[in-house]
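# An overview of the molecular structure
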Amino acid sequence: MVLTLPTTTRAAIFYGPDDIRLERVPLAAPGPQEVLVRIRACGLCSSETLAWYMQRKAPVPLGHEPAGEVVAAGEGAGVAPGQRVFIHHHAPCLQCRACRRGDYVHCQTWRGTRLVPGGLAEYALVPAQITAADLLPLPASVSDVAAVFVEPLACVVKSLRRARVRPGDRLAVIGLGVMGLLHILLARELQLERLIGVDLLPERLAAARAAGADDVLMGGEDVAARVREATGGGADVVVVTPASLGAIQLGYESVAPGGRIVIFTPVPPEDLWALPVHDMFFREVEIVPTYSAGPNDTREALRRLAEGLPVESLISHRFDLNGAAEGYRLVAQGRALKVVVQP
Ligand SMILES: [Zn+2]
Ligand SMILES: [Zn+2]
């Protein structure tokens, strides 16, 4: 509890890939149904190091994997000071046609909502829409640093749901950074026939093995053939996490007839993929993009964390706010798994 509310906060702002600045920005007091939180921890996401994705929004506050503590709550917010919470950086209206169909990321309200300034700050103001739709109290069993995984894990919950993974499936995960490893952690409980990880870094292959992969394969020229061999003819589901057409093509060459390729990360708008439609048709290969996650997914993710999903083993670095730029450098260079900032 603080008796006098802060009127400014330090925040990490993206100006360019090598230009992340800590700035002091104004902070409004919470109005009706709004909440002011002190950020206790925030994860760094590799998508925030994609220059083409960030540059068009710059300058833009960083951080969308926060866990915080309520400092002050406006009238009707339904949450009390002192409560530890997860807050999503986007929230849907829960009333429009897209929301009624469960397509939360296509709700017009969803993209317009955000934390102010962002998750990578000392304090953030949570707008009414997010307070109502996607502010989740954290149980004592979920630590601050585990709670930074609610948002990324929610994206993986959604990914595996959209992939329609079935017991007995052979599943391959291409790219074993944090998002790939979270897929391994969740997928190993789906009664798969085979769970395979592919990456170019030996330490990530070891991490995937520790997370529960049956087989790990070093990337390289003939890796699609090796995936097909390891899966007895191709994977029923291939999850592609790197942001590249090369990785998507590898996914296509690794998938079994009747299988699905999940595209988990966007590529730049000018990148076009030559889709072999004839082959896709006769092999009945499905392409399944999965973008972000909705409030149903964050609840499921938090439930899995409360059950003890061992995500803290994926944390490789911890910094205070001053270390944010260094943390993003490590993420961009592939030298870190999850970097957590505790402002
Ligand atoms: Zn992210
Ligand atoms: Zn809506």
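Structure's up top.
Now for a quick tour of the structure. No experiment lies behind these values; they were computed from the predicted model shown.

## Concerning the coordination of the zinc ion (ligand 1)
Working reference: metal with six octahedral donors, ideal angles 90 or 180 degrees; metal with four tetrahedral donors, ideal angle 109.5 degrees. Protein coordination at the zinc ion (ligand 1) comes from Cys45 (SG) and His64 (NE2), with a distance range of 2.1 to 2.3 Å. Taken as a pair, Cys45 in the loop between strand E3 (35–43) and helix H1 (51–55) and His64 in the loop between strand E4 (60–61) and strand E5 (66–73) lie far apart in primary sequence, 19 residues in all. The exposure classification of Cys45 matches that of His64, with both residues buried.

## Quick look at the nonpolar core
Soluble globular proteins tend to pack their nonpolar side chains together in the buried interior. Phe149, Leu171, Leu182 and Val311 are the most contacted members of the largest nonpolar core, which totals 53 residues. At the level of elements, helix H5 (144–147), helix H6 (150–162), strand E9 (170–174), helix H7 (178–187), helix H8 (202–211), strand E12 (235–240) and helix H12 (295–306) are the ones that each hand at least two residues to this core. By residue number, the principal contributor to this core is H7, which donates eight residues. In this structure, this core is formed jointly by two domains, domain 1 (8–153 + 293–341) and domain 2 (164–289), each of which donates at least three residues. Ignoring anything within four residues of it in the chain, the contact list for Leu171 reads Leu160, Val165, Leu192, Arg194, Leu195, Ile196, Ala235 and Val237.

## Remarks on the side chain of Glu151
The topology assignment puts Glu151 in helix H6. Lys338 provides the closest opposite charge to the buried, unpaired Glu151, separated from it by 7.1 Å. Residues in contact with Glu151, not counting those within four places in the same chain, are His64, Glu65, Phe86, His88, His89 and Ser292.

## What about a nonpolar patch on the surface?
Together, Leu275, Val277 and Ile287 give the surface a local cluster of nonpolar side chains, amounting to about 210 Å² of exposed area. By secondary structure assignment, the location of Leu275 is in the loop between strand E13 (255–263) and helix H11 (277–283). Here Leu275 falls in the partly exposed class, since its relative accessible area comes to 32%.

## Some remarks on the layout of surface pockets
Using a probe with the size of a water molecule, rolled over the atoms, empty space left in the structure can be pinpointed. Considered as a void within the structure, the second largest pocket measures approximately 150 Å³ in volume. Taken together, Val157, Leu160, Arg161, Val165, Leu186, Glu189, Leu190, Glu300 and Arg304 make up the lining of the second largest pocket. At the level of secondary structure, the elements contributing two or more residues to the lining of the second largest pocket comprise H6 and H12. No other element matches the three residues that H6 contributes to the lining of the second largest pocket.

## Thoughts on the coordination of the zinc ion (ligand 2)
Around the zinc ion (ligand 2), the protein contributes the donor atoms Cys93 (SG), Cys96 (SG), Cys99 (SG) and Cys107 (SG), which lie 2.3 to 2.4 Å from the metal centre. Around the zinc ion (ligand 2), the four donor atoms are arranged such that angles at the metal cover 104 to 114°; this shape is classified as tetrahedral. For the zinc ion (ligand 2), the single-chain donor residues occur in sequence as C-x2-C-x2-C-x7-C. Exposure remark for Cys99: the relative accessible area of 4% places this residue in the buried category.

## Examining the side chain of Glu65
Assignment of secondary structure puts Glu65 in the loop between E4 and E5. Of the residues examined, Glu65 reaches a relative accessible area of 1% and is grouped as buried. A distance of 2.9 Å separates polar atoms of two side chains, one belonging to Glu65 and the other to Lys338. Leaving out residues up to four positions away in the same chain, Glu65 has contacts with Ala41, Cys42, Gly43, Leu44, Cys45, Val148, Glu151, Pro152 and Lys338.

## Concerning the pattern of salt bridges
Under the counting rule described, the total for this entry stands at 20 salt bridges. Across the salt bridge formed by Arg303 and Glu300, the nearest N and O atoms sit 3.0 Å from each other. Of this pair, Arg303 and Glu300 both sit in helix H12, three residues apart, roughly one helical turn. We classify Glu300 as partly exposed; its relative accessible area is 25%. Glu307 is paired through a salt bridge with Arg304; the nearest N and O atoms lie 3.5 Å apart. It is possible to trace a salt-bridge network through shared partners that takes in Arg38, Arg40, Glu69, Arg84 and Asp144.

Calculation criteria
Per chain, residues are indexed from 1 in the order of the written sequence. Naming scheme: in the order in which they are written, chains are lettered from A and ligands are numbered from 1. The predicted origin of the model limits local features to residues at a pLDDT of at least 70 and limits the giving and counting of side-chain atom pairs to 80 or more, whereas totals for whole chains, interfaces and linings rest on all residues. Note: side-chain values were computed over all heavy atoms of the structure, leaving out hydrogens and water. Coordination partners: N, O, S within 2.8 Å of the metal, 3.2 Å for Na, K and Ca; water not considered, so apparent gaps in a site are possible. A run of H or I in DSSP counts as a helix once it spans at least four residues, and a run of E counts as a strand once it spans at least two, with each numbered from the N terminus. The classification of residues rests on relative accessible area computed with a 1.4 Å probe and restricted to protein chains. Under 20% of the type maximum is buried, over 50% is exposed, and intermediate values are partly exposed. We define a nonpolar core as any set of buried Ala, Val, Leu, Ile, Met, Phe, Trp, Tyr and Cys residues linked to one another through side-chain atoms lying within 4.5 Å. The split into domains, and so the bounds of each, comes from an automatic or database assignment of domains. Contact definition: two residues touch when any of their heavy atoms are within 4.5 Å. Counting rule for charge: Lys and Arg are taken as positive, Asp and Glu as negative, and neither His nor the chain ends is counted. One speaks of a salt bridge when a side-chain nitrogen belonging to Lys or Arg is within 4 Å of a carboxyl oxygen belonging to Asp or Glu. Patch criteria: residues need more than 30% relative accessible area and no salt bridge. Like-charged residues are merged within 9 Å; nonpolar side chains of Val, Leu, Ile, Met, Phe, Trp and Tyr are merged within 5 Å. Computed with the Shrake-Rupley method and a 1.4 Å probe, the accessible areas treat only the protein chains shown as cover for residues. Points on a 1 Å grid over protein atoms alone make up a cavity when a 1.4 Å probe fits among them but cannot get out, and a pocket when they form an open set with protein on both sides within 12 Å along at least five of seven lines; lining residues each have an atom within 4 Å of a point. Grid points are joined across faces, edges and corners, and a volume is the space filled by probe spheres set on the points. Site shape is set this way: if four donors have all angles between 85 and 135 degrees, tetrahedral; if opposite donors are over 155 degrees apart and all others between 65 and 115, square planar for four donors and octahedral for six; otherwise irregular. Two N or O atoms count as a polar contact when they lie within 3.5 Å, although within protein this holds only if one can serve as hydrogen donor and the other as acceptor, and sequence-adjacent residues are included solely when both atoms are side-chain atoms.

The values are spatial; any link to function lies outside them.
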